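# What the coordinates show
For reference, the chains in residue letters:
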Amino acid sequence: MDNSAPVNFTLTTGGEQAAHPLPSIRRRQLREAIIAGVITAMAVTGIAAVVLILVFVAREALPLFTSADVKAELGGFGKMFLPQVWKAGRPASYVWQPVGTIAKYSMIPLFVGTLKVTVVAMLVAAPVGVAAALFTSEFAPRRLREVLKPTIELLAGIPSVVIGFFALMVMATWLQTAFGFSYRLNAVVAGLGLALAVVPVVFTVSEDALAAVPRAYREASLALGATKWETAFRVVLPAAAPGVLAAVVLGFGRSIGETMIVLMASGNASITSLSLGDSVRTLPATIAAEMGEVVFGGGHYAVLFFIGVELFLFTFILNSAATIFVRRLVRRMSGVQA
Amino acid sequence: MSVGSRKVLGTAFTGLTGGAALLIVAMLVLILWDVVAGGIGRLSWEFLTAAPSDGMTGGGIFPAIYGTVVMTLLMTVAVMPVGVATAVYLHEYAPPGSRLAELVRVAVTNLAGVPSIVFGLFGLGFFIQFVGRGMDRLLSEPGTLHYGQPALIWAALTLAVLTLPVVIVSTEEALRAVPRELRDASLALGGTKSQTLARVVLPGALPGILTGAILAVARGAGEVAPILFTGVAYFLPDLPRSPFSQFMHLGYHVYVLATQSPDVEAAKPLLYGTVLVLLVLTFALNAVAIAIRTRTRRKAEAGH
């Protein structure tokens, strides 16, 4: 390609005429095309990652449907979701007990456990996060706002294993003293620990949504005689509603998938009960706790990967919903001049 | 409603929302205070440079610090080129309204929401079982496993995938802050698109790209769930010698000391010391990143 290019346009810049003839236009164009190609190819990595995650996690779960050995070990797919009679004369129940003479793989205790912890976390994190966002964007003086935002963002920077440690060592003791739980580690401790991880997510996304509401909305409301809090509560918050909803949904997704905090602070007993004072075992914690002890390629192994597929799908749905809400907010705000 | 009651309600509402903000900050302070107060007495030169001894109740945590740092470095080397290139594609190269760019954006958003434990399963299923075992079939003697088992490199690559969205989002924000006029000036002087990118756009976006790198490092250093099955070990007599060795890790050390220690009370000082080191590492990095970002954002706002 070097000098054999049939068309020999040379571009020269003013200062260095003829000393260094620049490469021919063709060569330049080729180089530009290659660079653009490489950059585009690398950008596809993100798409590839999401697809590969689903494919390879699902691949390890596949023996549940294809392997005769694994199917025999589980005794049918329905056993994972339907109540089973484990002892003659006893009522049918849901049991997760993968290690034992008869392995029992009911998903229900894990679903219930995950739901209990998540509900506790969201009941605290959603109102606190949204209220703090309202305060930061509507009531706090400018100076305070500029300190509050980064400070709360810092909470998101604490590794979840450290929050888990704090919940396990400190919060569990406080809460047991305060409420007299019979189990030191339970759904409330894990849920409140989880709330610490979720609150910055809810806060940051809602604050962004509230800040995106045009000034004109507030000015119009105040001019009509509404007070500051009436404006915040009845004008700004409803206008930013899709964004705030997205914040809560994202927080929900985060709390379903969070592993280390619940692994450390929930007690990890797979009990199917509605009491918040009982120990619980969640879906992610089950994978984390049991993967180290499974036989590779066996039924237990496949079930844990199946839980991974479930978690992937749950969070994928929640994230997609949040994306749709955010788009709705952007569309709603884009027609108005600030 | 009377003026008086409206005023009272207003004060109550401000107090309530302010109380929520205060509660979050108070919890942050409480965590920091507990860790610092519990761990500061344990910190010493020996603690930072010695290996654990006496069944994990004595000695130091050097192998865990070393493993965390090396793994994070490998991760950064893997994630930065791909993350920056993706952001460059999205902001500089994708034609307006591009379907592909839209798809990349959706993928990255969803990637950010995948639970960390699922990344661990992915690392095990893809990097170890597929890539590693595949390499063994080609390169190792039959019947031996050299690559297809948990190792530093697989953990680092798993975390590189996990931190990809962090780098992309920060870099794109940085690219957005580079004024259009600079690009136009470079192009008008005859610079090509890639020359403009390399000599004008990327240097201008450097602080933001750096922020992304720091945030990714802080996130990567603190995540435990993704490395559980991909390379971490509780105790190793030697430091990892190659990327295909297993390694010790600060976060995993905290988890094991806190939950599986036979004598929790005896391990407690060591535990608090380890948490403090981990927290200082991730927290300091985060604080630096947030400071840079806040400053560049303010500058960008002032510029427009």
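Residues numbered from 1 in each chain as written. Chains lettered and ligands numbered in written order. Predicted model: local features only at pLDDT ≥ 70, side-chain atom pairs only at ≥ 80, totals over all residues.

## A few points about the overall build of chain A
Our working definition: Only DSSP runs of H or I covering at least 4 residues are called helices, and only runs of E covering at least 2 are called strands; the numbering of each starts at the N terminus. The burial criterion counts other C-beta atoms lying within 10 Å of a residue's C-beta, which is placed from the backbone; the residue is buried at 20 or more, exposed at 12 or fewer, and partly exposed between these limits. By definition, residues are in contact whenever their C-beta atoms, placed on the basis of the backbone, come within 7 Å of each other.
What chain A contains, in helices and strands, is 14 helices and two strands. In terms of its C-alpha atoms, chain A occupies a principal-axis envelope of roughly 95 × 70 × 35 Å. Looking at the 338 residues of chain A, the share that counts as buried comes to 46%. Of the contacts formed within chain A by residues at least 6 apart in sequence, a portion of 73% connects residues at least 24 apart.

## Quick word on the overall build of chain B
Along chain B, the regular secondary structure elements total 10 helices and two strands. Starting at the N terminus and walking to the C terminus, you meet the elements of chain B as α-α-β-β-α-α-α-α-α-α-α-α. Burial status across chain B gives 47% buried among its 304 residues. Within chain B, contacts between residues separated by at least 24 positions form 75% of all contacts whose residues are at least 6 apart in sequence.

## Things to note about the domain arrangement of chain B
Residue and element names in this part refer to chain B. Which entries qualify depends on this criterion: Note that domain bounds follow an automatic or database assignment of domains. By the convention adopted, Pro, Cys, Tyr, Trp, Phe, Met, Ile, Leu, Val and Ala count as nonpolar, Lys, Arg, Asp and Glu as charged, and the other residues, Gly among them, as polar.
Segmentation of chain B into domains returns domain 1 (1–42) and domain 2 (43–303). Placing a centre on the C-alpha atoms of domain 1 and another on those of domain 2 gives a separation of 33 Å. With six residues of domain 1 at the contact, the number on the domain 2 side is nine residues. When its residues are assigned to classes, the side of domain 1 that touches domain 2 shows three nonpolar, two polar and one charged.

## Some remarks on the interface of chain B and chain A
At the junction of the two partners, chain B supplies 68 residues and chain A supplies 68 residues. Elements with a contribution of two residues or more to the side of chain B that touches chain A: α1 (3–39), α3 (62–93), α4 (99–113), α5 (116–139), α6 (152–177), α8 (193–222), α9 (250–259) and α10 (264–303) of chain B. Element by element, the count of residues in the side of chain B that touches chain A is highest for α1(B), at 17 residues. Residue composition of the side of chain B that touches chain A, by class: 46 nonpolar, 19 polar and three charged.

## Here's the deal with the confidence of the model for chain A
Residues and elements named next belong to chain A. Counted only if it meets this: Every residue carries a pLDDT, the predictor's confidence in it, which falls somewhere between 0 and 100.
The share of residues in chain A with pLDDT of 70 or more is 91%, and the mean pLDDT across the chain is 86. Note on residues 1–9: pLDDT under 50 across the span, and eight contacts to partners over four residues away in sequence or across chains. For the stretch residues 12–19, pLDDT sits under 50, and the model shows five contacts to residues farther than four places along the chain or on other chains.

## Section: the nonpolar core
What counts is decided by this rule: Note on definitions: a nonpolar core is a set of buried residues drawn from Ala, Val, Leu, Ile, Met, Phe, Trp, Tyr and Cys, linked by C-beta atoms within 7 Å.
Membership of the largest hydrophobic core comes to 195 residues, with the highest contact counts inside it found for Ala167(A) and Val202(A). The greatest single-element share of this core, amounting to 17 residues, is contributed by helix α8 (residues 187–211) of chain A. Residues lining this core come from more than one domain, with at least three contributed by each of domain 1 (1–42) and domain 2 (43–303) of chain B. Those residues in contact with Val202(A) that sit more than four places away from it in its chain are Ala125(A), Ala126(A), Gly129(A), Val130(A), Ala247(A), Val248(A) and Gly251(A).

## Quick word on the packing of helix α11 (residues 241–257) of chain A against helix α14 (residues 299–334) of chain A
Residues and elements named next belong to chain A. Let me state the cut-off plainly: Every angle, taken between N-to-C directions, lies between 0 and 180 degrees, and every axis is a line fitted to C-alpha atoms, over only the stretch in contact when it is a helix. Oblique is the label for any angle not under 35 degrees, not over 145, and not in the 65 to 115 range, which are roughly parallel, roughly antiparallel and roughly perpendicular in turn. Definitions for this section: a left-handed crossing has its near helix turned counterclockwise from the far helix by less than a right angle. A right-handed crossing has that turn clockwise.
In contact at an axis separation of 8 Å, α11 and α14 are set at 165° when each is read in the N-to-C sense. Comparing the axis directions of α11 and α14 gives the class roughly antiparallel. When the axes of α11 and α14 are compared, the crossing they make is left-handed. On α14, the residues that touch Pro242, Gly243, Leu245, Ala246, Val249, Leu250, Phe252, Gly253, Ile256 and Gly257 of α11 are Leu311, Phe314, Thr315, Leu318, Asn319, Ala321, Ala322, Phe325, Val326, Arg328, Leu329 and Arg332. Here the contact of α11 with α14 is built from residues that sort into 15 nonpolar, five polar and two charged.

## Quick look at the confidence of the model for chain B
Interpreting fine coordinate detail is not advised for predicted regions of low pLDDT. Of the residues in chain B, 97% reach a pLDDT of 70 or more, and the chain-wide mean stands at 90. Listed scores for the predicted complex are pTM 0.89 and ipTM 0.90.

## Section: unusual backbone geometry
Even without being a glycine, Asn268(A) presents a positive backbone phi close to 60°. By the element assignment, Asn268(A) lies in the loop between α12 (260–265) and α13 (283–290).

## A look at the packing of α4(B) against α6(B)
All names here are of chain B. Running from amino to carboxyl end, α4 crosses α6 at an angle of 130°, the nearest separation of the two axes being 8 Å. In terms of axis orientation, α4 runs oblique to α6. The handedness of the crossing between α4 and α6 comes out as left-handed. Judged by residue contacts, Val108, Leu111 and Ala112 of α4 engage Leu164, Pro165 and Ile168 from α6. In terms of residue class, the contact of α4 with α6 is made up of six nonpolar, no polar and no charged.

## Quick notes on the environment of Ile307(A)
All names here are of chain A. By the element assignment, Ile307 lies in helix α14. What makes Ile307 buried here is the crowd of 25 C-beta atoms within 10 Å. Sequence spacing of Ile307 and Val280 is 27 residues, and the spatial spacing of their C-alpha atoms is 16 Å. When near neighbours in sequence (up to four residues on either side) are disregarded, Ile307 contacts Leu283, Thr286 and Ile287.

## What to know about the environment of Ile261(A)
Residue and element names in this part refer to chain A. Considering the arrangement of structural elements, one finds Ile261 in helix α12. Exposure remark for Ile261: the 33 C-beta atoms within 10 Å place this residue in the buried category. Spatially, the C-alpha atoms of Ile261 and Ala88 are 38 Å apart, while their sequence positions differ by 173 residues. Excluding anything up to four places from it in sequence, Ile261 contacts Ser160, Ile163, Gly164, Ala167, Ala190, Gly193, Leu194 and Ala197.

## Quick notes on the environment of Ala289(A)
Residues and elements named next belong to chain A. Position of Ala289 among the secondary structure elements: in helix α13. Judged by the 16 C-beta atoms lying within 10 Å of it, Ala289 falls in the partly exposed class. Measuring from C-alpha to C-alpha, the distance between Ala289 and Glu153 comes to 30 Å, with 136 residues separating the pair along the chain. Residues within four places of Ala289 in sequence aside, it is in contact with Leu263 and Asn268.

## A short note on helix α2 (residues 45–61) of chain A
Helical geometry: 3.6 residues make up each α-helical turn, so side chains three or four residues apart lie on a common side. Stated formally: The span you would expect from a helix comes to 1.5 Å times its residue count less one.
Given a rise of 1.5 Å per residue, 17 residues ought to cover 24 Å, and the 24 Å separating the end C-alpha atoms of α2(A) matches this to within 8%. Within the sequence span of α2(A), burial applies to Thr45(A), Gly46(A), Ala49(A), Val50(A), Ile53(A), Phe56(A), Val57(A), Glu60(A) and Ala61(A).

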